[in-house]
Amino acid sequence: MDNSPSPTDLILGLKHLQIINVLSSLSFLLYEYFITLYLEFKYIWNARWTYIKIIYLATRYLPFVDTSLVLFKQLYPHLSANDCHNLFSAVVWLFIIGMSIAEVIFTVRVWAVWGKSKWSTFFLPIFYLACWTPGYVIIGRAMITAKFSIQNLTPRGCLVSNEVNTLIVSSAWAILFAYDMVILILMLVPAVNTFRRSGMSQLTRVMYRDVVSLANVLTPDYTDIVVLMGRVVRASLACRVVVHSREVGECQLNEDELFTA
């Protein structure tokens, strides 16, 4: 007797796995939001408006929009193929925009760690544009060429048989993965040198800790199952970079220093 699962069982299992992923990501997002909310009120909302404050707020609150749309896509009953296409496209664009905004925080941190040197002032913006511009172009092309057909096996949400060209999307993620790796290396090199010379002060540890934690969410496997959680964790780490820097820098940095303005 053949006990292998039927195609219907596999599709329903995948559907349940996707829903669990969304709910897990939402739970983590809400948990992270509330445990750091007091820091946000103290160091963000009471601070004057700067470009870092704007980037922080976009990074902080866009994931709520992303996750809500994904949850809607998974649970709303009887969506058409066109509805699924529009929702999927909106979610992908919000993901890529949100991640690119969060990367600005990590990139500015690298710039600060290297002492705002001339080479980093020129290299980092050029490198950022060189990696993220192709990412936008590739994702845009993938959205245009995407074909959707509904699998009528579940009464709620979207479960599509062919979302996008996997090779096209993988190339975009590969470029962004390479960017993250370079940023991580640029953080580790001065960290090792600083530790060898004089150890690390509390401020120095904070400056490195949250960005180096980015290594925990670096993965070339940007599948539908893990990408939402990776998006949420990345945004949370970027926000922690800002509030933790201001928390420690409150007594140690001048008002004109980066992230304490």
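The shown structure was predicted, so the numbers you read here are calculated from the model rather than taken from an experiment. (Residues numbered from 1 in each chain as written. Predicted model: local features only at pLDDT ≥ 70, side-chain atom pairs only at ≥ 80, totals over all residues. Heavy atoms only, no water.)

Participant: Hey, could you run me through the overall build of the protein chain in this one?
Facilitator: Looking only at helices and strands, the protein chain has eight helices and zero strands in total. Reading the helices (α) and strands (β) of the protein chain from amino to carboxyl end gives α-α-α-α-α-α-α-α. In the protein chain, buried positions account for 47% of the 261 residues. The long-range fraction of contacts in the protein chain, counting pairs at least 24 apart against all pairs at least 6 apart in sequence, stands at 79%. For the protein chain, the accessible surface area stands at approximately 13,300 Å², while carbon and sulfur atoms represent 66% of it. (Helix = DSSP H or I, 4+ residues; strand = E, 2+ residues; numbered from the N terminus. Buried < 20%, exposed > 50% of the residue type's maximum accessible area, 1.4 Å probe, protein only. Contact = heavy atoms within 4.5 Å. Areas by Shrake-Rupley, 256 points an atom, 1.4 Å probe, with all protein chains shown as cover.)

Participant: Just to check I follow, could you spell out the nonpolar core for this structure?
Facilitator: Generally speaking, nonpolar side chains in soluble globular proteins are found buried as a group. Tyr 56, Trp 132 and Tyr 179 are the most contacted members of the largest nonpolar core, which totals 46 residues. At the level of elements, helix H1 (7–35), helix H2 (37–45), helix H3 (51–75), helix H4 (81–113), helix H5 (118–145), helix H6 (166–198) and helix H8 (227–252) are the ones that each hand at least two residues to this core. (Core = buried A, V, L, I, M, F, W, Y, C linked by side-chain atoms within 4.5 Å.)

Participant: Sorry, what's going on with empty space enclosed by the protein here?
Facilitator: Remark: the empty space left among the atoms is shown by a probe the size of a water molecule rolled over them. In the structure shown here, the tally under the stated rule is one cavity of 30 Å³ or more. Roughly 60 Å³ of volume is contained in the largest cavity. Along its surface, the largest cavity is lined by Leu 29, Glu 32, Tyr 33, Thr 59, Arg 60, Pro 63, Phe 64, Ala 235, Ser 236 and Cys 239. Put simply, the parts of the chain that give the lining of the largest cavity at least two residues each are H1, H3 and H8. Among the elements that line the lining of the largest cavity, the one with the most residues is H3, at four residues. Taken together, the residues of the lining of the largest cavity break down into six nonpolar, two polar and two charged. (1 Å grid on protein atoms, 1.4 Å probe; cavity = no way out; pocket = protein on both sides within 12 Å on 5 of 7 lines; lining within 4 Å. Points joined across faces, edges and corners; volume = space filled by probe spheres on them. Nonpolar A, V, L, I, M, F, W, Y, C, P; charged D, E, K, R; others polar.)

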